[in-house]
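Coordinates in review
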Amino acid sequence: MSTTKPLHCSKTCFSSAELQVKIEEKKLSSQWKLTIKAKITGIYMKLNIRNMRYIPSKTHRSHCSSKTISPGLSKDSFLSFLCPANRKSRIILTVLALLVLVLIVTLPVVTFLYLQKKANMISEGLMWKARFKKVNDSLAALRTQNEMLMQQLSEAYTIYNGSLYYFSCTDKSWAEAEEYCMSQSSHLASVTSVDEQKFLSEKSNVHWHWIGLTRREDKMTFHWTDGTSYDANKTKAFWNSNEPNNLNNNEHCVHLSRKGLTSWNDLNCNSSIKFICKWNCASSGLCNKIRDMELF
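Residues numbered from 1 in each chain as written. Predicted model: local features only at pLDDT ≥ 70, side-chain atom pairs only at ≥ 80, totals over all residues. Heavy atoms only, no water.

**What about the pattern of salt bridges?**
Throughout the structure, instances matching the rule amount to 4 salt bridges. In this structure, the salt-bridge partner of D137 is K133, at a minimum N-O distance of 3.3 Å. One end of the pair, D137, and the other, K133, are both in helix α4 (residues 84-156), 4 residues apart, so they sit about a helical turn from each other. Here K274 and D171 are joined by a salt bridge, their closest N and O atoms 3.4 Å apart. You can see K274 sitting in strand β8 (residues 274-280) and its partner D171 sitting in the loop between β2 (163-167) and α5 (174-183), a full 103 residues away along the chain. (Salt bridge = Lys/Arg side-chain N within 4 Å of Asp/Glu carboxyl O. Helix = DSSP H or I, 4+ residues; strand = E, 2+ residues; numbered from the N terminus.)

If you want it as structure tokens, here you go:
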């Protein structure tokens, strides 16, 4: 009886069924190897992506080693873009582009704000200039007014020989004039010397001015309201000719009627004319204040 050898006999012989099983096992082993290799490759790529790393292929390395970058959207350009060195350049260019974009966006805003601020500064400058001009005009007006007041003051108040005199600008009756002088801590002026008489008559400048000489209640004799002693003989030369005449027995107050030594005249006390008040510099302390105002 002849025996038949199994197929595929070598060092180890298998039957057909066994050979089929071995082939299937080899296929499964190859598939598992491919699957495991794919999984390992996927995990490795994920790790590289997370670490921001890129492992170029041999072809990519050849492109990265080249110094030239092909323009356009070709495969070479894309590979060149993936090179680490070129990626840094791209990042720098992107940052610069963003900075230029920010500059372009902000430049009009900054220019507008600058122009607005400049316009506000110009407007504010013009406003301050107008205010300064107004202040200067006011100061000029005040200086002019002050000069006028000082002129009036120098004309109204005069210091002479230890006394201060006020020559009024308004008209009053003799009694009203004396009352005003008393309200200023003085009296109508008394005249005690030839020099004082000449000074007052010249200063009165032909305007009639009341002085402090009046008749007593007996209507016969005169007296000074400030208490100065009246000397009829000493002051006789101060009267106008034929004065005092007490016209109609109704002229009991005395005034200066003109320039010169002989300027006294008796007049109705109700007449309204200017007047002269008199202070003693030593007792009143006003002369220094007047001098300070004149210096100012």
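**Remarks on the state of the cysteines**
What is meant by a disulfide is a covalent connection between two cysteines, made through their sulfur atoms. Inspection of every chain in the model, using the stated rule, returns 2 disulfides. Covalently, C181 is tied to C277 through a disulfide, its sulfur atoms 1.8 Å apart. Classification of the bridge connecting C181 and C277 rests on its S-S torsion, roughly -80 degrees, and on that basis the disulfide is left-handed. In this pair, C181 is assigned in helix α5 and C277 in strand β8, connecting sequence segments 96 residues apart. Considered together, C181 and C277 belong to a single accessibility category, that of buried residues. Bridging C253 to C269, the disulfide has an S-S length of 1.8 Å. The S-S bond linking C253 to C269 shows a torsion near 100 degrees; that makes this disulfide right-handed. Remark: C269 occurs in the loop between β7 (264-267) and β8 and C253 occurs in strand β6 (residues 253-256); sequence separation between them is 16 residues. (Disulfide = S-S within 2.5 Å. Buried < 20%, exposed > 50% of the residue type's maximum accessible area, 1.4 Å probe, protein only.)

**Notes on the nonpolar core**
If you look at the biggest cluster of nonpolar residues, it comprises 17 residues, and the most contacted ones within it are L164, Y166, L188, W210, F275 and C277. Of all the elements in the fold, those that place two or more residues in this core are β2, α5, β8 and α8 (286-295). Leave out the neighbours within four places in its chain, and C277 touches L164, Y165, Y166, Y180, C181, S186, H187, L188 and A189. Counting 16 residues, the second-largest nonpolar core is a separate cluster that includes V191, I211, F222 and W264. (Core = buried A, V, L, I, M, F, W, Y, C linked by side-chain atoms within 4.5 Å. Contact = heavy atoms within 4.5 Å.)

**Looking at the pairing of β6**
Put simply, side chains in a regular strand alternate between the two faces of the sheet. Of the two faces of β6, the one holding C253 and H255 and the one holding V254 and L256 are both buried throughout. Sheet topology note: the strand β4 (residues 209-215)/β6 ladder contains 3 bridges and is antiparallel. Bridge pairing in β6 links H209 to L256. Relative to β7, β6 runs antiparallel, the two sharing 4 bridges. Bridge pairing links H255 to N265 in β7. (Pairing = 2+ DSSP bridges.)

**Some remarks on unusual backbone geometry**
Backbone torsion omega between E243 and P244 reads 0 degrees, so that peptide bond is classified as cis. Of note, P244 is situated in the loop between β5 (222-224) and β6. Even without being a glycine, S185 presents a positive backbone phi close to 60 degrees. The phi dihedral of N242 falls on the positive side, at around 65 degrees, and the residue is not glycine. With respect to the secondary-structure elements, N242 resides in the loop between β5 and β6. Residue classification places N242 among the exposed residues on the basis of a relative accessible area of 72%.

**Regarding the pairing of β4**
Of all 7 residues that make up β4, 7 are buried, and the element is covered over most of its length. Here β4 shows two buried faces, one formed by H209, I211, L213 and R215 and the other by W210, G212 and T214. Pairing analysis gives 2 bridges linking β4 to β8, with the strands arranged parallel. Across the sheet, the residue bridging to H209 is K274, located in β8. Relative to β5, β4 is paired through 3 bridges, and the arrangement is antiparallel. Bridging from a neighbouring strand, T214 pairs with H223 of β5.

**Here we look at the packing of aromatic side chains**
If you walk through the whole model with that rule in mind, you get 13 aromatic pairs. Centroid distance Y157 to Y166: 4.9 Å. Interplanar angle 40 degrees. Geometry classified as tilted. Owing to a relative accessible area of 23%, Y157 belongs among the partly exposed residues under this scheme. On the accessibility criterion, Y166 (12% relative accessible area) is buried. Connected via pairs of aromatic rings, a cluster forms that spans F222, W224, Y230, F238, W239 and W264. Above the plane of the ring of W128 lies R131, whose end atom (NZ or CZ) is 4.9 Å from the centre. (Phe/Tyr/Trp six-rings, centres within 6.5 Å; stacked < 30°, edge-to-face > 60°. Lys NZ or Arg CZ within 6 Å of the ring centre and 35° of its normal.)

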